[in-house]
Amino acid sequence: AQAESQSQIAQLLLQVQQGLQAQTEVANFKAQLAETQNQLYLLQQDHALLQSELDQAYFDLDRARSQSAPTATSQQPQVPIADLATDLATVSTSVTAPVINRFSYQVMKIDAQGQQLENLTKQASYYSENLGDGVKLDMVAIPAGTFQMGSPPEEEKREESESPLHQVKIEAFYLSRVTITQVQWRAVAELPQVERSLHPEPANVKSNNQPIECVAWYDAVEFCARLSNSTGRAYRLPTEAEWEYACRAGTQTPFHFGPTIRADLANYDGNHTYGNGPQGQYREQTTPSGSFEVANDFGLY
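The shown structure was predicted, so the numbers you read here are calculated from the model rather than taken from an experiment. (Residues numbered from 1 in each chain as written. Predicted model: local features only at pLDDT ≥ 70, side-chain atom pairs only at ≥ 80, totals over all residues. Heavy atoms only, no water.)

### Considering the overall build of the protein chain
When its secondary structure is counted, the protein chain shows 5 helices and 6 strands. Ordered by position from the N terminus, the helices and strands of the protein chain form the series α-α-β-β-β-β-β-β-α-α-α. Here the protein chain holds 301 residues, and the buried ones make up 38% of them. Long-range contacts, defined as pairs at least 24 residues apart, comprise 63% of the intrachain contacts of the protein chain with a sequence gap of at least 6. When the accessible surface of the protein chain is totalled, it reaches about 18200 Å², and 52% of it is carbon and sulfur. (Helix = DSSP H or I, 4+ residues; strand = E, 2+ residues; numbered from the N terminus. Buried < 20%, exposed > 50% of the residue type's maximum accessible area, 1.4 Å probe, protein only. Contact = heavy atoms within 4.5 Å. Areas by Shrake-Rupley, 256 points an atom, 1.4 Å probe, with all protein chains shown as cover.)

### Details of the confidence of the model for the protein chain
Parts of the model with low pLDDT should not have their predicted coordinates read in detail. With 79% of its residues at a pLDDT of 70 or more, the protein chain shows a mean pLDDT of 84. Contacts for the low-pLDDT stretch residues 69-94, under 50 throughout, to residues beyond four places or in other chains number 44 contacts. (pLDDT = per-residue confidence, 0-100.)

### Focus: the environment of P98
Looking at the secondary structure, you find P98 in the loop between α2 (81-85) and β1 (101-110). You can call P98 buried: its relative accessible area is 6%.

### What to know about the side chain of D111
Relative to the helices and strands, D111 resides in the loop between β1 and β2 (116-132). Here D111 occupies a buried position and makes no salt bridge, while the nearest side chain of opposite charge, R262, is found at 7.3 Å. Within the local environment of D111, its side chain forms a polar contact with the backbone nitrogen of Q113, the two atoms lying 2.9 Å apart. Looking at D111, its side chain comes within polar contact range of the main-chain nitrogen of Q115, at 2.8 Å. (Lys, Arg positive; Asp, Glu negative; His and termini not counted. Salt bridge = Lys/Arg side-chain N within 4 Å of Asp/Glu carboxyl O. Polar contact = N/O pair within 3.5 Å; in protein donor to acceptor, adjacent residues only side chain to side chain.)

### Quick look at the sheet that holds β1
Ordered in space as β1-β2-β3-β6, the 4 strands form an open sheet in which the pairing is antiparallel. Looking along the sheet, the strands with just one partner apiece sit at the ends: β1 and β6 (173-176). The mean angle between the axes of side-by-side strands here comes to 45 degrees, regardless of whether they run parallel or antiparallel. Taken together, the 6 bridges between β2 and strand β3 (residues 135-142) define a ladder with antiparallel strand orientation. If you follow Y127 over to β3, its bridge partner there is M139. (Pairing = 2+ DSSP bridges. Axes fitted to C-alpha atoms, helices over the stretch in contact; angles between N-to-C directions.)

### Focus: the pattern of salt bridges
Working definition: two side chains of opposite charge can pair if their charged atoms are close together. Taken as a whole and assessed by the stated rule, the structure comprises 10 salt bridges. Put simply, R236 and E242 hold a salt bridge, and the shortest N to O gap is 2.9 Å. R248 is the salt-bridge partner of E244, the closest N and O atoms lying 3.0 Å from each other. Taken together, the positions of E244 and R248, both in helix α5 (residues 240-248) and 4 residues apart, correspond to about one turn of that helix. Owing to a relative accessible area of 15%, E244 belongs among the buried residues under this scheme. Assessed through its relative accessible area of 15%, R248 is described here as buried. Each member of the salt-bridge network shares a partner with another, and the members are K109, K122 and D297.

### Here we look at unusual backbone geometry
P164 follows S163 through a cis peptide bond whose omega is -10 degrees. One can find P164 in the loop between β4 (145-149) and β5 (166-170). The backbone of D133 sits at a positive phi, close to 55 degrees, despite the residue not being glycine. Position of D133 among the secondary structure elements: in the loop between β2 and β3. A relative accessible area of 80% means that D133 is categorised as exposed. Not every positive phi belongs to a glycine, and A249 is a case in point at roughly 50 degrees.

### Details of helix α4 (residues 217-231)
With 15 residues, α4 ought to run about 21 Å at 1.5 Å a step, and its terminal C-alpha atoms sit 21 Å apart, in line with that. Restricting attention to buried positions, one finds in α4 the residues D219, A220, E222, F223, C224, R226, L227, S228 and T231. Where α4 is buried, its residues meet β2, β3 and α3 (182-189). Positive phi shows up at G232, right after α4, with a value of about 80 degrees. (Expected span 1.5 Å × (residues − 1).)

### Re α5
When we look at burial in α5, the residues that qualify are A241, E242, E244, Y245, A246 and R248. One or two positions beyond α5, positive phi appears at A249, with a value near 50 degrees.

### A look at the packing of aromatic side chains
Applying the stated criterion across every chain yields a total of 8 aromatic pairs. With 5.4 Å between their ring centres and 55 degrees between their planes, F147 and Y245 make a pair best called tilted. Residue F147 is found in strand β4, and its partner Y245 is found in helix α5; the two are separated by 98 residues along the sequence. One exposure class covers both F147 and Y245, and it is buried. Ring geometry for F255 versus Y274: centroids 5.0 Å apart, planes at 85 degrees, classification edge-to-face. Pair noted here: F255 is in the segment after α5 and Y274 is in the segment after α5, with a separation of 19 residues, a long-range link. For Y274, a relative accessible area of 13% puts it in the buried group. Pairwise contacts between aromatic rings join F103, Y105 and Y126 into one cluster. (Phe/Tyr/Trp six-rings, centres within 6.5 Å; stacked < 30°, edge-to-face > 60°.)

Here's what the structure looks like:
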């Protein structure tokens, strides 16, 4: 009986040892997987930076060609050199330069509980692209600068794909003031095709001023290509770095409002709070672009 008991103990010890070895192998595999994912993320960031540099090189080349072209006629709208220098929507010699205007907007800051700290009035430069039939596309000037891309490890609900924090330099460009609306989409969808056809009304919630939805990335690229051909200015989608830079607008908090968010400031499921923020409305559908009437520090809604 004693020999049989010792044999069973030996078998249990062997099983425990095998289990510990398996746990070690699993831990090593997870560590290798995490390292691979991090390397992939860094490669993606390198690709984004290279793409930004390529875009800037094309811009510099087109600007040099434009500067060497004959002087524009006096009837063309005059635009300050500083504004033209920040414009990545390249103007060819046969296209009238856009008229740069300024607009005012409200910026709100809130604390960690969602209470208002300040409500400021600011101004930004923009130009308005005429899409026909009274439809306009307002493009806001986004200044050049650097920012910390990603999120810190202690930020709530962050994901590993937001690591590591790293500094990114952004050249000046223009970005649409609000998300593209359905009436803007229809106007561009009626322009001549470049690579692929576009459904004029793909959205589920249909309304002129609601944002466009249910479109593929390739559709968005086609949208930019048609707009570029029609206007003579180079429209494209922003890079991931440009989008985050424009969205943050110089802030370092999780939201440009502050450390939390409120359902009267943005459209999301207000039943779920962020940090110590308050609960709010859940609309369960899109809302008209810009309808919350509070912009970020760059003037974007």
